[in-house]
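Below are the chains, spelled out letter by letter.
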Amino acid sequence: MLKNTASLDLVEFVETQILPQYAQFDKAHNMEHATRVIRRSLELARSTGADINMVYVIAAYHDLGLTGPRAIHHITSGKILASDARLKRWFSADQISIMREAVEDHRASASRAPRSMYGKIVAEADRDLSPEVVFRRTVQFGLSNYPELNKEQQWQRFAEHMESKYSVRGYIRLWIPGSQNEQNLNQLRNIIANPRLLKEAFEKYFSEEVNA
């Protein structure tokens, strides 16, 4: 196994058999999102000393459960990973168990901390909290999943989501102190706290998405 990157045969398997599945999901959870989570996970793995191959697979499988109900997609994703016998070529049963738990623990609304460093890595990598990414993905999700809502209703959904998830009272939790996400979340919260700035952000990304 190479020290700073996943094994080449594992990468080939994931890129040909796993990642193409993300093409069926909404814009907020598509191939671009999956590859971003992989890239950020590998960066965190290198800084924490985690197993590169395990981190790579966890990130690649983390949202596959979106083929079913979104509310339990993290559980479904874990089951998909654990039941994929092809992974036995690279990993032991204990490693697969750890990877399954990490996938299960990645969801932002989880009330407890991930059970291992691997769960913390994918949870952190899944949260690209730069304001422009958060705002755009939230608008994209609303348009893809609630197409019946008019613009004002989309705005209400957007604002409520920002408050419930990302504000100082929100449920999102970060598990790796001092990360870039921590800095981005503070910036995001400053915008959320200013209704004018938040509405301007919505108008910008809503207009770009509907006119794309």
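In this text the structure is predicted, and so the values were computed from the model without any measurement.

S.K.: Hey, could you run me through the overall build of the protein in this one?
M.R.: Helix and strand counts for the protein come out as 10 helices and zero strands. Put simply, the protein runs from its N terminus to its C terminus through helices and strands in the order α-α-α-α-α-α-α-α-α-α. Considering the protein as a whole, with its 212 residues, one finds that 50% of them fall into the buried category. Restricting the contact set of the protein to residue pairs at least 6 apart, pairs at least 24 apart contribute 65%. Of the roughly 10500 Å² of accessible surface on the protein, a fraction of 50% belongs to carbon and sulfur atoms. Distance between charge centres in the protein, computed from 28 positive and 26 negative side chains, equals 2 Å.

S.K.: Is there a simple way to think about the pattern of salt bridges in this case?
M.R.: For side chains of opposite charge, pairing can occur when their charged atoms come near one another. Enumeration over the complete set of coordinates arrives at 15 salt bridges. Note that glutamate 209 is salt-bridged to arginine 136, the shortest N-O span being 3.0 Å. Placement of glutamate 209 in helix H10 (residues 195-210) and of arginine 136 in helix H7 (residues 131-145) is noted, with a sequence separation of 73 residues between them. A relative accessible area of 12% places glutamate 209 in the buried class.

S.K.: What is the right way to read the nonpolar core from this model?
M.R.: A general feature of soluble globular proteins is that nonpolar side chains tend to end up buried together. In this structure, Tyr56, Val57, Tyr61, Leu87 and Phe91 are the most contacted members of the largest nonpolar core, which totals 40 residues. Of all elements in the fold, only helix H1 (8-18), helix H2 (31-48), helix H3 (52-61), helix H5 (93-104) and helix H6 (117-125) reach the threshold of two or more residues within this core. Not counting residues within four places of it along the chain, the set of residues in contact with tyrosine 61 comprises Phe13, Ile18, Tyr22, Ser77, Ile80, Leu81, Asp84, Leu87 and Val103. Membership of the second largest hydrophobic core comes to 19 residues, among which are Ala159, Met162, Tyr166 and Ile192.

S.K.: So what exactly am I meant to see when it comes to H2 here?
M.R.: Since there are 3.6 residues in each turn of an α-helix, residues three or four apart along the chain are aligned in direction. If you check H2, its first and last C-alpha atoms are 26 Å apart, about what 18 residues at 1.5 Å a residue would give, namely 26 Å. Looking at the buried residues of H2, the elements they touch are H3, H6, H7 and helix H9 (180-192). For H2, the side-chain oxygen to backbone nitrogen distance between the N-cap and glutamate 32 is 3.2 Å, and the N-cap itself is asparagine 30. After H2 finishes, the residue glycine 49 shows a positive phi value of roughly 80°.

S.K.: Would you mind showing me how to read the packing of H7 against H9 here?
M.R.: When two helices pack together, you describe them by how their axes are tilted relative to each other and by the distance separating the axes. Between H7 and H9, whose axes approach to 9 Å, the crossing angle comes to 60°. Relative to H9, the element H7 lies oblique. Contacts from Pro131, Val134 and Phe135 in H7 reach Asn184, Gln187, Leu188 and Ile191 in H9.

S.K.: Any chance you could explain the packing of aromatic side chains here in plain terms?
M.R.: For any two aromatic rings, the description comes down to two numbers: the centre-to-centre distance and the angle of the planes. Using the criterion set out here, one finds nine aromatic pairs in the structure. An angle of 40° between the planes, with centres 6.4 Å apart, marks the rings of phenylalanine 135 and tyrosine 205 as tilted. Here phenylalanine 135 is found in helix H7, whereas its partner tyrosine 205 is found in helix H10, with 70 residues between them in sequence. Looking at phenylalanine 135, the relative accessible area reads 3%, which means it is buried. Note on phenylalanine 158 and phenylalanine 202: the rings are 5.2 Å apart at their centroids and 55° apart in plane angle, and the pair reads as tilted.

S.K.: Quick question: what am I supposed to make of the packing of H3 against H5 here?
M.R.: Packing of H3 against H5 brings their axes to within 9 Å, and their N-to-C directions diverge by 45°. In terms of their interaxial angle, H3 and H5 are classed as oblique. Here H3 runs over H5; the crossing is right-handed. Counted together, Met54, Val57, Ile58 and Tyr61 of H3 and Gln95, Ile98, Met99, Ala102 and Val103 of H5 form the full contact between these two elements.

S.K.: Explain the environment of aspartate 9 to me, please; I cannot follow it from the model alone.
M.R.: Note that aspartate 9 resides in helix H1. Accessibility expressed as a relative area gives 31% for aspartate 9, which makes it partly exposed. A C-alpha to C-alpha distance of 9.5 Å links aspartate 9 and tryptophan 90, two positions 81 residues apart in sequence. When residues no more than four places from it in sequence are discounted, the contact partners of aspartate 9 are Arg89 and Trp90. Of the polar contacts made by the side chain of aspartate 9, one reaches the side chain of arginine 89; its length is 3.2 Å.

What counts and what doesn't
- Residues numbered from 1 in each chain as written.
- Predicted model: local features only at pLDDT ≥ 70, side-chain atom pairs only at ≥ 80, totals over all residues.
- Heavy atoms only, no water.
- Helix = DSSP H or I, 4+ residues; strand = E, 2+ residues; numbered from the N terminus.
- Buried < 20%, exposed > 50% of the residue type's maximum accessible area, 1.4 Å probe, protein only.
- Contact = heavy atoms within 4.5 Å.
- Areas by Shrake-Rupley, 256 points an atom, 1.4 Å probe, with all protein chains shown as cover.
- Lys, Arg positive; Asp, Glu negative; His and termini not counted.
- Charge placed at Lys NZ, Arg CZ, Asp CG, Glu CD.
- Salt bridge = Lys/Arg side-chain N within 4 Å of Asp/Glu carboxyl O.
- Core = buried A, V, L, I, M, F, W, Y, C linked by side-chain atoms within 4.5 Å.
- Expected span 1.5 Å × (residues − 1).
- Polar contact = N/O pair within 3.5 Å; in protein donor to acceptor, adjacent residues only side chain to side chain.
- Axes fitted to C-alpha atoms, helices over the stretch in contact; angles between N-to-C directions.
- Parallel < 35°, antiparallel > 145°, perpendicular 65-115°, else oblique.
- Phe/Tyr/Trp six-rings, centres within 6.5 Å; stacked < 30°, edge-to-face > 60°.
- Left-handed = near helix turned anticlockwise from the far one by under 90°.

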